[in-house]
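# Structural features, examined
Here's the letter readout for the chains.
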2 protein chains.
Amino acid sequence: MSPSPNDQALVAIPEPTLKRLPYYYKSIQGQREAGREFVSCTTLAEALGLNPIQVRKDLQATGAVGRPKVGYHVSTTLDAIEECMGYHNTKDIFLVGAGHLGQALLAYPGFSEFGFNLVAAFDVDPTKMETEFAGKPILDASRLSDLVRRMHVQIAILAVPATAAQAVTDTLVRAGIRAIWNFTPTRLAVPKGVLVQDENLLASLSVLSKQLESSRAKSHKESIHGEPEEL
Amino acid sequence: MSPSPNDQALVAIPEPTLKRLPYYYKSIQGQREAGREFVSCTTLAEALGLNPIQVRKDLQATGAVGRPKVGYHVSTTLDAIEECMGYHNTKDIFLVGAGHLGQALLAYPGFSEFGFNLVAAFDVDPTKMETEFAGKPILDASRLSDLVRRMHVQIAILAVPATAAQAVTDTLVRAGIRAIWNFTPTRLAVPKGVLVQDENLLASLSVLSKQLESSRAKSHKESIHGEPEEL
DNA sequence: GTTGAGTCGATAAGTTTTTATCGATATGGA
DNA sequence: TCCATATCGATAAAAACTTATCGACTCAAC
Ligand SMILES: NC(=O)c1ccc[n+]([C@@H]2O[C@H](COP(=O)([O-])OP(=O)(O)OC[C@H]3O[C@@H](n4cnc5c(N)ncnc54)[C@H](O)[C@@H]3O)[C@@H](O)[C@H]2O)c1
Ligand SMILES: NC(=O)c1ccc[n+]([C@@H]2O[C@H](COP(=O)([O-])OP(=O)(O)OC[C@H]3O[C@@H](n4cnc5c(N)ncnc54)[C@H](O)[C@@H]3O)[C@@H](O)[C@H]2O)c1
């Protein structure tokens, strides 16, 4: 099946690109505030410590077009990113688990910048139920299923203890949730069609620590074998 | 340069593999608790929703060896992962920024499982300084540089406002930090040799939300073009 | 004008990561 | 004892992602 013209938007943007777009967005916003009207891949790459060619490809994926020798028009490009990422569409979100991590998320004002609206949190702890935190209501988790269904909420944040992760997931899925942002260290079993984005913080820290160890071993070996390597 | 035998440990393990290892570790621990002595890639993959071949390759990277038809010896394999990831080496860590997110991390008991020891937090807020949170001291940020140096701390968590991110980074780098786990939405400029692991939470959420939108568009198109596709 | 340099877009090459294939080996039952 | 089967390890193929190359375009300076 050859791609027809209006398939363009359907060619999925690679995940690494999606993760970089917010950096471009923020950086270009900075340029706008500084009064600049155009920005080049070279400049962006410089500012963000990335490869200019990669920046160009990423921007291309959003539909932004640039002009040779000039660069990308700041406002137009910001619009392209917003449009591509849907920063303007309001997306309601529920948080399940208003513990330490959940409360940090509740207090975070940054969600709205990208169109997210953290509507409410849910918890089983009676001392938290029917209270507020950072202006957001914490509701009885027994109401979760009903409210997901009634409000057609599509995205949920999972910040419950690992032991409760799969059970809560099953509830969410039955209620019709479409995507789960998972902070628990559990691999969730979900039916096809439900998306899960794992945010396994400890795993990321382990990666960092392991890479640190490897880089030490490497530089040690280099110093033995006499390859100076220090630009 | 052809790899000599004892280069094995120096062939860097791919980052995606490193991120999956904690899942295997936890899953195999579960098997041990259930009294099983061997576990196969097939079983592991089933439990974690992964590809069996990928599981095998990942385990291979840790140095674990299995036996055909039998699988991997549970205890031996756990040891291999621990050894590979350095779960036994204690790694001291400083946290900079004891705000909402920082406090959630301070309260998190899971770090020790992988050998991390969150020693102390640092903040500029006078009302937080010289207090404790979850049994961990919150110290005056002006002491950060000195203590990094004196205690030879190599890893820091960055959980300060974005506006302070680069300045704090510079301080850490000057004091000799080797790795930064960065929760701010800023791309940090660091000299070669200093590692940064970005944990851009909003970017991850954006990815999820964009993929959700795409999957909706896709299934809509499929329903129009009459490709049922529902296994 | 003409020239020169900075930048884009398209295409190609390279690298990394995932998935597939296949022979070898161990186990349990015929 | 032999055979069927599950599984591993090694190697190869495929896919995804990053980096390089090159012609074309635009602007500014001469
Ligand atoms: N805190 C961190 O820094 C951190 C770091 C990495 C991972 N995590 C993971 O994030 C998750 C939450 O961590 P935390 O530190 O906030 O834990 P927490 O114990 O502070 O909070 C968990 C909350 O979930 C609630 N809860 C329990 N069962 C529930 C259910 N069935 N429905 C709704 N709510 C329920 C509890 O009442 C509690 O308020 C855990 O899985 C943890 O492993 C946390
Ligand atoms: N809270 C969240 O859920 C969340 C989500 C995504 C990203 N983040 C990012 O994490 C970072 C921290 O978020 P937060 O919600 O904890 O913010 P916060 O405002 O609650 O906490 C920031 C803390 O850093 C301290 N601080 C400021 N300057 C400092 C300095 N120079 N040295 C040491 N400490 C300093 C402040 O006193 C404050 O206690 C921010 O960059 C934010 O964008 C947070």
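About the cut-offs
- Residues numbered from 1 in each chain as written.
- Chains lettered and ligands numbered in written order.
- Predicted model: local features only at pLDDT ≥ 70, side-chain atom pairs only at ≥ 80, totals over all residues.
- Heavy atoms only, no water.
- Pairing = 2+ DSSP bridges.
- Helix = DSSP H or I, 4+ residues; strand = E, 2+ residues; numbered from the N terminus.
- Axes fitted to C-alpha atoms, helices over the stretch in contact; angles between N-to-C directions.
- Phe/Tyr/Trp six-rings, centres within 6.5 Å; stacked < 30°, edge-to-face > 60°.
- Buried < 20%, exposed > 50% of the residue type's maximum accessible area, 1.4 Å probe, protein only.
- Lys NZ or Arg CZ within 6 Å of the ring centre and 35° of its normal.
- pLDDT = per-residue confidence, 0-100.
- Contact = heavy atoms within 4.5 Å.
- Least-squares fit on C-alpha atoms with pLDDT ≥ 70 in both.
- Near = heavy atom within 4 Å.
- Polar contact = N/O pair within 3.5 Å; in protein donor to acceptor, adjacent residues only side chain to side chain.
- Areas by Shrake-Rupley, 256 points an atom, 1.4 Å probe, with all protein chains shown as cover.
- Nonpolar A, V, L, I, M, F, W, Y, C, P; charged D, E, K, R; others polar.
- Core = buried A, V, L, I, M, F, W, Y, C linked by side-chain atoms within 4.5 Å.

## What about the sheet that holds strand β5 (residues 116–123) of chain A?
All names here are of chain A. Reading across the sheet, the seven strands line up as β6-β7-β5-β4-β8-β9-β10 and stay open at both edges, with mixed pairing between neighbours. Of all strands in the sheet, those bounded by a partner on one side alone are β6 (131–133) and β10 (195–198). On average, each strand axis in the sheet is inclined to that of its neighbour by 30°, with strand direction left out of account. Note: β6 against strand β7 (residues 136–140), three bridges, orientation antiparallel. Note on β7: the bridge partner recorded for Glu132 is Pro137.

## Some details on the packing of aromatic side chains
Under the definition given, this model contains 14 aromatic pairs over all chains. A centroid spacing of 6.4 Å and a plane angle of 65° characterise the contact between A:Tyr25 and A:Phe114, whose relative ring orientation is edge-to-face. A residue pair is termed long-range when its members are at least 10 positions apart, and A:Tyr25 in helix α1 (residues 15–33) and A:Phe114 in the loop between α5 (100–107) and β5 qualify at 89 residues. Relative accessible area serves as the criterion here: at 6%, A:Phe114 is assigned to the buried category. Considering the side-chain rings of B:Phe111 and B:Trp181, the 6.4 Å spacing of their centres and the 90° angle between planes classify their relative orientation as edge-to-face. Placement of B:Phe111 in the loop between α5 (100–107) and β5 (116–123) and of B:Trp181 in strand β9 (residues 179–182) is noted, with a sequence separation of 70 residues between them. Using a relative accessible area of 5% as the deciding quantity, one classes B:Phe111 as buried. By the ring-pair criterion, three or more aromatic residues cluster together here, those being A:Tyr108, A:Phe111, A:Trp181 and A:Phe183. Stacked on the ring of A:Phe116, the Lys or Arg A:Lys91 has its end atom at 5.0 Å from the ring centre.

## A few points about the confidence of the model for chain A
For chain A, per-residue confidence averages 93 on the pLDDT scale, and residues scoring 70 or more make up 91% of the total. The secondary structure element of chain A with the lowest average pLDDT is helix α8 (residues 201–225) of chain A, at 86, and the one with the highest is strand β8 (residues 155–158) of chain A, at 99.

## As for α5(A)
All of the buried residues along α5(A) are A:Gly102, A:Ala104, A:Leu105, A:Leu106 and A:Ala107. The secondary structure elements touched by the buried residues of α5(A) are β4 (91–96), β5, β6, β7 and β8 of chain A together with α5 of chain B.

## So, the relation of the copies chain B and chain A
A rotation about an axis combined with a shift along that same axis relates the two copies of the chain. Expressed as a screw operation, the relation of chain B to chain A combines 0.0 Å of axial shift with a rotation of 180°, fitting to an RMSD of 0.0 Å. This pairing of chains is accounted for by a two-fold axis. A shared binding surface is used by both copies, with 98% of the interface residues of chain B retained as interface residues in chain A.

## Details of the site of ligand 1
Residues and elements named next belong to chain A. In the vicinity of ligand 1 there are 25 residues, among which His100, Leu101, Asp123, Lys128 and Val160 approach most closely. Between ligand 1 and Asp123, the relevant distance is 2.5 Å, taken from an oxygen atom to a side-chain nitrogen or oxygen of the residue. Relative to its unbound accessible surface of 820 Å², ligand 1 loses 82% to contact with the protein. The dominant element in the shell around ligand 1, judged by the number of residues it contributes, is helix α7 (residues 162–175), at three residues.

## Some details on the protein's contact with DNA strand C
Neighbouring DNA strand C are 23 residues, the closest being A:Gln60, A:Gly66, A:Tyr72, B:Arg20 and B:Arg67. Backbone sugar and phosphate groups make up 68% of those atoms of DNA strand C lying within 4 Å of the protein. Between DNA strand C and the protein, one listed contact pairs a phosphate oxygen with a side-chain N or O atom of A:Tyr72 at 2.7 Å. Counting residues per element, the surface near DNA strand C draws most heavily on helix α3 (residues 52–62) of chain B, which supplies three residues. Residue classes in the surface near DNA strand C are distributed as nine nonpolar, seven polar and seven charged.

## Considerations on the protein's contact with DNA strand D
Around DNA strand D there are 23 residues in total, and A:Arg20, A:Arg67, A:Pro68, B:Gly66 and B:Tyr72 lie nearest to it. In DNA strand D, the atoms that sit within 4 Å of the protein are 69% sugar and phosphate, with bases accounting for the remainder. Between DNA strand D and B:Arg56 there is a distance of 3.4 Å, counted from a phosphate oxygen to a side-chain nitrogen or oxygen. Between B:Gly66 and DNA strand D, the recorded distance is 2.7 Å, taken from a backbone N or O atom to a phosphate oxygen. Those elements giving two or more residues to the surface near DNA strand D turn out to be α1 and α3 (52–62) of chain A together with α2 (41–48), α3, β2 (66–67) and β3 (71–73) of chain B. Considering every element that reaches the surface near DNA strand D, the biggest residue donor is α3(A), with three residues. In terms of residue class, the surface near DNA strand D is built from nine nonpolar, seven polar and seven charged.

## Section: the environment of A:Gly135
The residue A:Gly135 is located in the loop between β6 and β7 in this model. Taking C-alpha positions, A:Gly135 is 22 Å from A:Ser145, a pair spaced ten residues apart along the chain.

## Let's talk about the nonpolar core
Formed by 94 residues in total, the largest nonpolar core has its most connected members in A:Tyr24, A:Leu205, B:Tyr24 and B:Leu205. In this structure, B:Val96, B:Ala175, B:Ile177 and B:Leu188 belong to the second largest nonpolar core, which totals 21 residues.

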